[in-house]
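Read off the chains here:
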There are 2 protein chains.
Amino acid sequence: MSHLASLDQLILELSKLPGIGEKSAGRLAHYILKNRSQYPSDLAKALLQVQEKVQLCESCFAYSESPVCRICSDEKRNKVSLCVVEEPSDIMKLENSGSFYGRYHVLHGTINPMRGIGPADLKVSELIKKVNDDDAIEEVILALDANLEGDTTALYIAKMLEGHRIRLTRLAHGIPIGGDLDYIDGRTIGRAFVNRVEI
Amino acid sequence: MSHLASLDQLILELSKLPGIGEKSAGRLAHYILKNRSQYPSDLAKALLQVQEKVQLCESCFAYSESPVCRICSDEKRNKVSLCVVEEPSDIMKLENSGSFYGRYHVLHGTINPMRGIGPADLKVSELIKKVNDDDAIEEVILALDANLEGDTTALYIAKMLEGHRIRLTRLAHGIPIGGDLDYIDGRTIGRAFVNRVEI
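Some thoughts on the sheet that holds strand S3 (residues 81-85) of chain A
Residue and element names in this part refer to chain A.
Phase 1 of the analysis: Taking strand neighbours across the sheet as the criterion, the 4 strands line up as S4-S3-S5-S6 in an open arrangement whose pairing is parallel. Two strands lie at the open edges of the sheet, namely strand S4 (103-106) and strand S6 (167-170), each paired on one side alone. Strand after strand, the sheet turns through a mean of 25 degrees between neighbouring axes, direction not considered.
Phase 2 of the analysis: Of the strand pairs in this sheet, strand S5 (residues 139-142) and S6 are connected by 4 bridges, and their pairing is parallel. Opposite Glu 139, over in S6, you have Arg 167 as the bridge partner.

Some thoughts on the environment of Ile20(A)
Phase 1 of the analysis: Residue position: Ile20(A) is located in the loop between helix H1 (5-14) and helix H2 (22-34).
Phase 2 of the analysis: Sequence spacing of Ile20(A) and His164(A) is 144 residues, and the spatial spacing of their C-alpha atoms is 45 Å.
Phase 3 of the analysis: Beyond its immediate chain neighbours, meaning those up to four positions away, Ile20(A) contacts Leu14(A), Ser15(A), Ala25(A), Leu28(A), Ile20(B) and Leu28(B).

Considerations on the domain arrangement of chain A
Phase 1 of the analysis: Split by domain assignment, chain A resolves into domain 1 (5-53) and domain 2 (76-173).
Phase 2 of the analysis: Computed from C-alpha atoms alone, the centre-to-centre distance between domain 1 of chain A and domain 2 of chain A is 35 Å.

What about helix H3 (residues 39-53) of chain B?
Phase 1 of the analysis: The terminal C-alpha atoms of H3(B) lie 21 Å apart, and with 15 residues this matches the ideal 21 Å at 1.5 Å per residue to within 8%.
Phase 2 of the analysis: Among all positions in H3(B), only Tyr39(B), Pro40(B), Leu43(B), Ala44(B), Ala46(B), Leu47(B) and Val50(B) are buried. Projection of H3(B) onto a plane perpendicular to its axis shows the buried side chains occupying an angular sector of 160 degrees, all on one side. Those residues of H3(B) that are exposed and aimed more than 90 degrees away from the buried face are Lys45(B) and Glu52(B).
Phase 3 of the analysis: Elements that come into contact with the buried residues of H3(B) comprise H1, H2 and helix H3 (39-53) of chain A together with helix H2 (22-34) of chain B.

What to know about the pattern of salt bridges
Where charged atoms from two side chains of opposite charge approach closely, those side chains can pair.
Phase 1 of the analysis: Applying the stated rule across the entire model yields 16 salt bridges over all chains.
Phase 2 of the analysis: Residue Lys34(A) pairs with Glu87(B) through a salt bridge whose shortest N-O separation is 2.9 Å. On the criterion of chain membership, the pair formed by Lys34(A) in helix H2 and Glu87(B) in the loop between strand S3 (81-85) and helix H4 (88-97) is interchain, its members lying in two chains.
Phase 3 of the analysis: Across the pair Glu95(A) and Arg77(A) runs a salt bridge whose closest N-O atoms are separated by 2.8 Å. Of the two residues, Glu95(A) is situated in helix H4 (residues 88-97) and Arg77(A) in the loop between strand S2 (63-64) and S3; the sequence distance between them amounts to 18 residues.
Phase 4 of the analysis: Assessed through its relative accessible area of 11%, Arg77(A) is described here as buried.

The rules we used
- Residues numbered from 1 in each chain as written.
- Chains lettered and ligands numbered in written order.
- Predicted model: local features only at pLDDT ≥ 70, side-chain atom pairs only at ≥ 80, totals over all residues.
- Heavy atoms only, no water.
- Pairing = 2+ DSSP bridges.
- Helix = DSSP H or I, 4+ residues; strand = E, 2+ residues; numbered from the N terminus.
- Axes fitted to C-alpha atoms, helices over the stretch in contact; angles between N-to-C directions.
- Contact = heavy atoms within 4.5 Å.
- Domains from an automatic or database assignment.
- Expected span 1.5 Å × (residues − 1).
- Buried < 20%, exposed > 50% of the residue type's maximum accessible area, 1.4 Å probe, protein only.
- Arc of directions from axis to C-beta.
- Salt bridge = Lys/Arg side-chain N within 4 Å of Asp/Glu carboxyl O.

In structure tokens, the structure reads:
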């Protein structure tokens, strides 16, 4: 508590950010105050611009500044593979790998009964509809996190697409390139054994 | 780079904050986007409120929402001791120690020739004027960081007040050499007040 209502409110808002506790928020607020002639309005403008301009792509539900995003409207990308991710931020990581040239579909989360998140809270029915309606799609690749929620979501999607002609795959689990066996957990090593490949 | 101009701009602004690199800024921006219906405008409003309402106290140069701050306008506080600090945020830490009931004077930095910061860039002449004009002041306590810049600033102030009738002291025991007030607990600060020494 700083005895300044506006400063306390700023610290409260900043401490809602992930990984920012009250003490860090106080330090950020003091930087903001020190640069109060310009920085607060610059940051406020950037925030309001994002709120005004960023929407979800009508097709893949990634963040976009136009009704259809850059990737979905790129005619050079192949239409046969569709990669399903949890969050819009995952797309950038996959794009940076340079390994995939198809399109994406963002679920906006994973099934998590503990937090009361079911398929209806995610873009799952939109995925099923897209796969059913778009005859060009030949493969759906699930790029979900390798945890309980990711596996549950993968199983649910597999069930919903049961009997469909498309190929349903998911990213291989295994030992990361450059990974040291000393630092890799037993479950990953187990999965790497099961999924071993001929050389 | 996200291919969204507004998102890139937000990440750029966030990465100006202390301790926030580009990767952390990306994570903060994705939290902001995920909560884009309400959070960006709440944070923007808090930023603009701080920019609009917070000013420097006319007397001590601490942050204040009124021309004269809460501490300077508190008639119950003693007028005989004046505690000199580097930054407005230092006041809260000293107040929390409960060891000091006088008034403050904020320098807004320390003398740092390496960064080209001299006495003229700080509220030093205002301090000297205040001590010369206000006969009630009997003691000036320097609560500066125990590092080269703090020591240089203390010596400069001592020189400027040479021959003056006031008692010039500085916080001593408890603050480690090279220590920063940000990381010191209230009891240590209290001890430093009790054991302050003449310079």
